Amino acid sequence: MISQFFILSPRGDSIVTKDYRGDVVRGTAEIFFRKLKGWPSGNPPPIFNVEGVHFLHIKRGGLFFVCTTKFNVQPTTVLELLVRIAALCKDYCGTLSEETIRRNFVLVYELLDEVIDFGYAQTTSTQTLKAYIHNEPVVVAPLETQATKHAPSGAANRPVALRFSAQRDRKNEIFLDLLERLTVLFNASGSVLRAEIDGCIQMKCFLAGAPELRLGLNEDLQIARGRGVYGIVLDDCNFHECVQMDQFDSSRTLVMRPPDGEFTVMNYRMSGNFQNPLPFRASLTIEPCGVGLVDVILRLDCDMPAKCHGTNVSVRCPLPKMTSSCGYDLGAAGQTVEYNKEDKVVDSSALLCVCVRAHTRVWRREVLVAQGRGGLGGWLFLICVAFFIIIIIIFGNPNSQTAVWKIA
């Protein structure tokens, strides 16, 4: 059970505050924000304790969703509740931002009254709550209404309660997102030691009634690993409760009646040697160039199809603990570098660059190592590369309400 819930702005202002039990002193929002900003490493954990009060928080859309309790609660349960409350605010308000929450604070309070009762969670289903929510949301940004072949980027960012409140919203629409997280381990020579993909299929529906939808996956999809298994092999997967599995084994088709709001249709994980080449390959070179001075050269090669491109590329590289200073040479414009002296980590980002096929980025760092504190033996490089790749691979006839999605 939780005692308090509040939403804070990036500046620490309390936008929404709800006290369910009255067993925690007032002013906890200020205590939380001071503790958050004064954390030694600058990156506080999602759970911490201050004078017997447990603070649990997440950050979504630049806002802090926080709850407090004095009880020994299950942390993952409370964090999942915060995630679902943030998703509810996005479903009913359209977008998740400070201005949206401020202009729809009456609606947010109504949601909190239905979701939590005396500190206990009741329901977080968007479909179920529609029967109990009566306030109309205030749309912050006007919806784009121009007639184009492709939907605008913000077409899915509208409240579910306004699906048919205006003539412009009377068309049936489905938005699908395939999100994948690629984790690859390279050795010193650049060969792949281990590769894993954690992915999910997210859906947001604006449909009249509750029609039956069929989502087709690749026919070569296999959920097994062993000898004689070919095609696209998933290690494991799970589905939303609305998905019917009657036709999945025979035709790889998911039959469902999707609920309102945004939800995850499928989560999956796959590992092994992938047929397609990796989007990026990283290589690292260390060259001693003086007494206590080491030259670290990081080379990032892009290897993607010509129709794809990578954006928002960021590289995180740890340095030895005996590092006393660090200089850098970016080699190209539009990049930024930040060196964290406490954690001995260098963060490089290229937010404005677009990496295409046969594109190479080189980062050079001059590391000054303090004398008398050991050598570089045993220095382990765990380089993290983050990037976004947009690929549209959806087929189907929207009039027949059937979409075919191929995982490639």
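The coordinates are above.
First, a word on what this report is: a plain description of the structure on this page. (Residues numbered from 1 in each chain as written. Predicted model: local features only at pLDDT ≥ 70, side-chain atom pairs only at ≥ 80, totals over all residues. Heavy atoms only, no water.)

### Details of the overall build of the protein chain
- On a plain count of helices and strands, the protein chain comes out with six helices and 26 strands.
- Partitioning the intrachain contacts of the protein chain with sequence separation of at least 6 by distance along the chain shows that 64% fall at a separation of at least 24.
- Total accessible area on the protein chain is roughly 22600 Å²; 51% of this is exposed by carbon and sulfur atoms. (Helix = DSSP H or I, 4+ residues; strand = E, 2+ residues; numbered from the N terminus. Contact = heavy atoms within 4.5 Å. Areas by Shrake-Rupley, 256 points an atom, 1.4 Å probe, with all protein chains shown as cover.)

### What about the layout of surface pockets?
- The volume enclosed by the second largest pocket comes to roughly 1000 Å³.
- In terms of lining, the second largest pocket is formed by 29 residues, of which the most central are R84, A87, E262, F263 and T264.
- Looking at the lining of the second largest pocket, the elements with two or more residues in it are α2 (75-93), α5 (126-129), β9 (192-206), β13 (236-239) and β16 (261-271).
- Classifying every residue of the lining of the second largest pocket gives twelve nonpolar, nine polar and eight charged. (1 Å grid on protein atoms, 1.4 Å probe; cavity = no way out; pocket = protein on both sides within 12 Å on 5 of 7 lines; lining within 4 Å. Points joined across faces, edges and corners; volume = space filled by probe spheres on them. Nonpolar A, V, L, I, M, F, W, Y, C, P; charged D, E, K, R; others polar.)

### Things to note about the nonpolar core
- With 33 residues, the main nonpolar core has F5, I7, F65, I85, Y92, I101 and V108 as its most contacted residues.
- Every element with two or more residues in this core is listed here: β1 (4-8), β2 (14-19), β4 (53-60), β5 (63-69), α2 and α4 (105-115).
- When residues in this core are grouped by element, the largest group, ten residues, is from α2.
- Ignoring sequence-local partners within four residues, the contact set of V108 consists of I7, V16, C89, C93 and I101.
- Formed by 22 residues, the second largest nonpolar core is a distinct cluster that contains L176, I197, M266 and M270. (Core = buried A, V, L, I, M, F, W, Y, C linked by side-chain atoms within 4.5 Å. Buried < 20%, exposed > 50% of the residue type's maximum accessible area, 1.4 Å probe, protein only.)

### Re helix α1 (residues 28-37)
- Of the positions making up α1, those classed as buried are T28, A29, F32, F33 and L36. Across the axial projection of α1, the buried residues extend over an arc of 135 degrees, all falling on one side.
- In this structure, the buried residues of α1 make contact with β1, β2, β3 (47-50), β4 and β5. (Arc of directions from axis to C-beta.)

### Concerning the sheet that holds β2
- Read across the open sheet, the five strands follow the order β2-β1-β5-β4-β3; overall the sheet is antiparallel. In this open sheet, the two strands that pair with only one neighbour each are β2 and β3. Each strand axis lies, on average, 20 degrees off the axis of its neighbour in the sheet, ignoring direction.
- Pairing analysis gives seven bridges linking β4 to β5, with the strands arranged antiparallel. If you follow L56 over to β5, its bridge partner there is C67.
- Running at roughly 25 degrees to β2, α4 makes contact with β1 and β2 of the sheet. (Pairing = 2+ DSSP bridges. Axes fitted to C-alpha atoms, helices over the stretch in contact; angles between N-to-C directions.)

### So, the environment of R103
- Inspection of the secondary structure puts R103 in helix α3 (residues 98-103).
- Using a relative accessible area of 42% as the deciding quantity, one classes R103 as partly exposed.
- In this structure R103 touches V138 and V140, once residues within four positions along its chain are discounted.

### Topic: the pattern of salt bridges
- Scanning the entire structure with this criterion turns up eleven salt bridges.
- Of the charged contacts, one joins K18 and D113 as a salt bridge, the two residues approaching to 2.6 Å between their closest N and O atoms. Of this pair, K18 sits in strand β2 while D113 sits in helix α4, and the two are 95 residues apart along the sequence.
- Taking the relative accessible area as the measure of exposure, D113 reaches 44% and is therefore partly exposed.
- As a salt-bridge pair, K90 and E262 come within 3.7 Å of each other at their nearest N and O atoms. With K90 in helix α2 and E262 in strand β16, this residue pair connects regions lying 172 residues apart in the sequence. (Salt bridge = Lys/Arg side-chain N within 4 Å of Asp/Glu carboxyl O.)

### Details of the packing of α2 against α4
- Contact geometry of α2 with α4 gives a least axis separation of 11 Å together with a crossing angle of 140 degrees. Taken as axis vectors, α2 and α4 run oblique relative to one another. Handedness of the α2/α4 crossing: right-handed. Contact residues: α2 offers L81, I85, L88, C89, Y92 and C93, while α4 offers L107, V108, L111, L112 and V115.
- A breakdown of the residues in the contact of α2 with α4 according to their chemical character gives eleven nonpolar, no polar and no charged. (Parallel < 35°, antiparallel > 145°, perpendicular 65-115°, else oblique. Left-handed = near helix turned anticlockwise from the far one by under 90°.)

### With respect to empty space enclosed by the protein
- Under the criterion given, the structure shown has one cavity of 30 Å³ or more.
- In this structure, the largest cavity occupies an estimated 40 Å³ of space.
- The wall of the largest cavity is formed by I85, L88, C89, V108, L111, L112 and V115.
- Put simply, the parts of the chain that give the lining of the largest cavity at least two residues each are α2 and α4.
- Ranked by residue count, the leading element in the lining of the largest cavity is α4, at four residues.
- Of the residues contributing to the lining of the largest cavity, the split by class is seven nonpolar, no polar and no charged.

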